[in-house]
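# Descriptive structure summary
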Amino acid sequence: MSSAIAYKIEHSPAYASLKLNLKPEQSVTVEAGAMAAMDSCIDMKSKVKGGLGKGIGRMFGGESLFTSEFTAKGQSGYLYVSPGVPGDIKHYALDGSRSLMVQSSGFVAAAPGVMIDSKFQGFKGFFSGESLFLLKVTGEGDFWFSSFGAIIEIPVDGSYVVDTGYIVAFEDTLNYKVEVLNGLSFKNLKTSIFGGEGLVTHFSGSGKLWIQTRNVASFVRFIHPFRPVKSN
Amino acid sequence: MKLELLHQPDSAVAKVLLDPQEEILAEAGAMVAMSSSIDVSTTLRKGKGGGVLGGLKRMVAGESLFISVFRSGGSAAELYLSPTLMGDILPYTLSGTELVIQSTSYLASTPGVQIDLGFTGFKSLFSGESLFWLTANGSGLALLNAFGSVYEIDVDGEYVVDTGHIVAFERTLDYSISKANKSWAGAFFSGEGFVCHFKGKGKVFCQTHNPGSFGRMVGGKLPPR
C-alpha cells in the first residue's frame, strides 16, 4: 500500500475544499475538472481510468469519462480540489477489507491503490426519477467523496430509511433495497407520488451510512419553473 | 420530542427524536432519512372558502400544501428533515399566538399547531410565481426555513419588507401588500415587485436572500422548457 496522502478539508460544511499535500512522486486521481489550483511542480495527466471499457461504464454511472491524475514531480506540492456543487467533503480510508458504495456524482479524489467501478443499478433504480447510480470503490488507500450540503454520518445497526436523493455513500456491509415508502400498496403509492417523498432506500445490516442535507433533484425542481417558456 | 438543529446556517438540517407514539408534521418531501419504524401518511391542505370552484382554482394556482405526518411506533425513533434551498432553519414557539408563514418557508410543526392556508395569495405579474400564505395557530413548535440566513425585525410602528424576503410574521401586525413603486413601469424596471407594509407591534422574520431573484437568475440562463 502506498503511503497515505496528507490532506486538509477546509471551509466545511458549506463550501468544503480539499487541500492535498503531495510528496515527491506521489500521485492522486481526481475527478476531471475538479482541480482548482496547484503548485507548478505538479504534473497533470488526463486518463481513462481502468481502460476504455470501464471508462464508458463510468459514463453510464453519470460520472465523467475522464479522471485526471496529478503527480508531484521532484518536490512536494499542494493541490486544491473543489467539487462542482457547494457542500461537504469526507475522507474514507480503504483497508481492503470492505468496499464503499458512493453516489455517482460524489467522487472527488482517490489514491492510486483505489479502484472505482460504476455498477449499473438497472432494476434497482428503475422507478426513481432520481436514478440511483452507484460507484463501487474497492482496494486500499485514501478516498474522498462530496455532497450537496453537509454530510451526516449514520451508524446503521438494524434498519434505516433514506430518501434516495439524499444518499452520499455507504459501506457495502449494508444491504440495500430501493422501494416505494412503506411498501407498494395503493395508499402508500399515493403517499409517495403526491407526497414528494420519492423513492426511498431501505438499508439493513450494520455499517456506516453518509447522507447529505440537501437534494440536487429538489433543487433542480425549484429552478425549473423559472426557465423561459418556449414561444411558438 | 427532542429537536437538534445541525449545520446551521448554510446547510441546516433538523434532527427530530420522537418518543414512542409521537408524531410530527412536515412539508411533504422534507424527509431526508429516518428510522424504519416510522409510519408516514400524506394529506393535502387546501384553502378554506370559495366552495368547490374556489378550491379548484387554488389547486391550479399552486396554492395547496401536501403535509406528511410522521408517527413513531412502539419505540423511540429519529427523523431528519431539510428544506430545498441552502439556508437556515428557524424554530418558532407558538403559545396561543398566530403566525403568518410564507408557504415555501414552512418546514415542520408539532401536532398542537394548526396549519391552514391563510389568506388568498396573489400571482406576481412579472415572474408568474404564486405567493401564498399559511397561518399557524395553537401551541407548539413550528420549524421555518430560510434561503440564506434569518434576521428578525422588531416592528413598532411601520415597516416595509419585500415579499420575497419574508419568512414569517406575527399576526399582531397589520399588513397590506402593494407595489414597491407607485407607477407600474417603475415597479417593473426596479425589480422590486411587491412589498408588504406592516403596521403595529410584532416580529417579522426575514431571509437574507430572495428565492425568486435567484431562480430568475439561474432559470433565465437555461434553455426554454
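Further up the page is the structure itself.
The structure contained in this document is the topic of the report that follows.

Rules and cut-offs
Residues numbered from 1 in each chain as written. Chains lettered and ligands numbered in written order. Predicted model: local features only at pLDDT ≥ 70, side-chain atom pairs only at ≥ 80, totals over all residues. Heavy atoms only, no water. Helix = DSSP H or I, 4+ residues; strand = E, 2+ residues; numbered from the N terminus. Buried < 20%, exposed > 50% of the residue type's maximum accessible area, 1.4 Å probe, protein only. Lys, Arg positive; Asp, Glu negative; His and termini not counted. Salt bridge = Lys/Arg side-chain N within 4 Å of Asp/Glu carboxyl O. Polar contact = N/O pair within 3.5 Å; in protein donor to acceptor, adjacent residues only side chain to side chain. Contact = heavy atoms within 4.5 Å. Buried area = accessible area lost by both parts, 1.4 Å probe. Pairing = 2+ DSSP bridges. Axes fitted to C-alpha atoms, helices over the stretch in contact; angles between N-to-C directions.

## Observations concerning the side chain of Asp88(B)
Within the secondary structure layout, Asp88(B) lies in the loop between strand 7 (77-81) and strand 8 (89-95). No salt bridge is formed by the buried Asp88(B). Its closest oppositely charged neighbour is Arg214(A), at 7.4 Å. Side chain to side chain, Asp88(B) and Gln8(B) meet in a polar contact 2.9 Å long. Beyond its immediate stretch of four places on either side in the chain, Asp88(B) contacts Gln8(B), Pro9(B), Ala12(B), Leu144(B), Asn145(B), Ala146(B), Gly148(B), Ser149(B) and Val150(B).

## With respect to the interface of chain B and chain A
Contact with chain B, which involves 44 residues of that partner, is made by 39 residues of chain A. Across the interface of chain B and chain A, roughly 3,500 Å² is buried in total on both sides, 61% from carbon and sulfur atoms. Counting across the chain B and chain A interface gives zero salt bridges. Our enumeration of links across chain B and chain A arrives at 15 residue pairs in polar contact (both at pLDDT 80 or more). The set of elements that each furnish at least two residues to the side of chain B that touches chain A consists of strand 4 (31-35), strand 5 (39-46), strand 6 (64-71), strand 7 and helix 3 (211-219) of chain B.

## Describing the sheet that holds strand 4 (residues 35-38) of chain A
All names here are of chain A. The strand order 1-2-7-4 describes an open sheet built from four strands, whose pairing is antiparallel. Of all strands in the sheet, those bounded by a partner on one side alone are strand 1 (6-10) and strand 4. The mean inter-strand angle of the sheet, taken between neighbouring strand axes irrespective of direction, is 20 degrees. The pairing of strand 1 with strand 2 (residues 17-22) spans five bridges and is antiparallel.

## Some remarks on unusual backbone geometry
Here the residue pair Ser12(A) and Pro13(A) is connected by a cis peptide bond, since its omega of 0 degrees sits within 30 degrees of zero. Take Pro13(A): it is sitting in the loop between strand 1 and strand 2. The omega torsion of the bond from Gln8(B) to Pro9(B) falls at -5 degrees, within 30 degrees of zero and hence cis. One can find Pro9(B) in the loop between strand 1 (2-6) and strand 2 (13-18). A positive phi angle, close to 70 degrees, is found at Glu25(A), a residue other than glycine. Within the fold, Glu25(A) resides in the loop between strand 2 and strand 3 (27-31). One non-glycine residue, Gln21(B), lies in positive phi territory at about 60 degrees. Summarising the element assignment, Gln21(B) is placed in the loop between strand 2 and strand 3 (23-27). Owing to a relative accessible area of 48%, Gln21(B) belongs among the partly exposed residues under this scheme.

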